[in-house]
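Fold and geometry: a report
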Amino acid sequence: VLLCTFSAKAQVLQWSNPVKLKGSAVFTKVIGENKKGVFLMRYRNRFYSKNIILERYSHLLLLDQAKNIDLKNARLMKIYMTSDGILLVKSKYNRITQQNDLTSQWYDFDLKAVGKPTLLASTVPKEFGDRGNFRLRISDDLKLISLLYTERSETKNIILHHKLLAINQETLATKSVELPYEYDKFIIQDFLVTNDSSINFFCKTMRDGYTQIFAI
């Protein structure tokens, strides 16, 4: 693996020493950087449903720490790096409750797990193999997390479930609302949470043969 550093005057290329992964399809994602080093996530399965490796490199791009995380048939939803550590969020089907559970786990900058996993939300799967339609966004200041998931109402309309969380997973607000739009024809294309906790949705739906695009 070749890692690059850039400055205003020069470009430096150095060969790093990452943990070797079997197979040809290996993906790498940069998580972030701080005074402890540069943090990467490496994985073989692009659906994030097997195992991942977290790596920390020195600022000279030498491997300092590596941790293999077995997702155990869960699906990695998001990974955030904040000033408090690395937050990993995953979804998994709970055979006991027959629901999809969304849980989070903190890791420190030495890649050690901190505390126990936190259950953020649960929802009934729409179909076999569904890991939940959970979607998350984080504010620019990395202090708020917006969590969204949906379900179909008895009248076949869409119900939006939303949770506003502090970065420590404390629930700040919850709201569920049924919208007058058919579940199967309603798409949330994107959404965001601002630093002052405003939530904005960009949506589209089919009505009377036309596609309507609007914001909420």
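Scroll up a little and you will see the structure.
Throughout what follows, the structure given in this document is the object of discussion. (Residues numbered from 1 in each chain as written. Predicted model: local features only at pLDDT ≥ 70, side-chain atom pairs only at ≥ 80, totals over all residues. Heavy atoms only, no water.)

Quick notes on the pairing of strand E9 (residues 99-107)
Taking burial as the measure, the nine residues of E9 include eight buried ones, the bulk of the element. Pairing of strand E8 (residues 85-94) with E9 involves nine bridges; the strand directions are antiparallel. Within E9, the position partnered with Tyr 93 by the bridge is Asn 100. Counting the residues that bridge the hairpin from E8 to E9 gives four residues, and of these Gln 98 lies at a positive phi of roughly 55 degrees. When E9 meets strand E10 (residues 113-123), the two strands line up antiparallel, connected through seven bridges. Residue pairing in the sheet places Ser 104 in a bridge with Thr 118 of E10. The turn linking E9 back onto E10 is made up of five residues, and Leu 111 within it adopts a positive phi angle of 65 degrees. (Buried < 20%, exposed > 50% of the residue type's maximum accessible area, 1.4 Å probe, protein only. Helix = DSSP H or I, 4+ residues; strand = E, 2+ residues; numbered from the N terminus. Pairing = 2+ DSSP bridges.)

Concerning the packing of aromatic side chains
Tallied over the entire structure, the rule returns five aromatic pairs. Summarising the aromatic geometry, the rings of Phe 27 and Tyr 43 are spaced 5.4 Å apart at their centres and angled 20 degrees between planes, so their arrangement reads as stacked. Of the two residues, Phe 27 sits in strand E3 (residues 27-34) while Tyr 43 sits in strand E4 (residues 37-43), which places them 16 residues apart along the sequence. On the basis of relative accessibility, which here comes to 29%, the residue Phe 27 falls in the partly exposed class. Taking relative accessible area as the criterion, Tyr 43 reaches 10% and is therefore assigned buried. With 5.6 Å between their ring centres and 55 degrees between their planes, Phe 39 and Phe 109 make a pair best called tilted. One end of the pair, Phe 39, is in strand E4; the other, Phe 109, is in the loop between E9 and E10, with 70 residues separating them in the sequence. Classification of Phe 39 as buried rests on a relative accessible area of 1%. (Phe/Tyr/Trp six-rings, centres within 6.5 Å; stacked < 30°, edge-to-face > 60°.)

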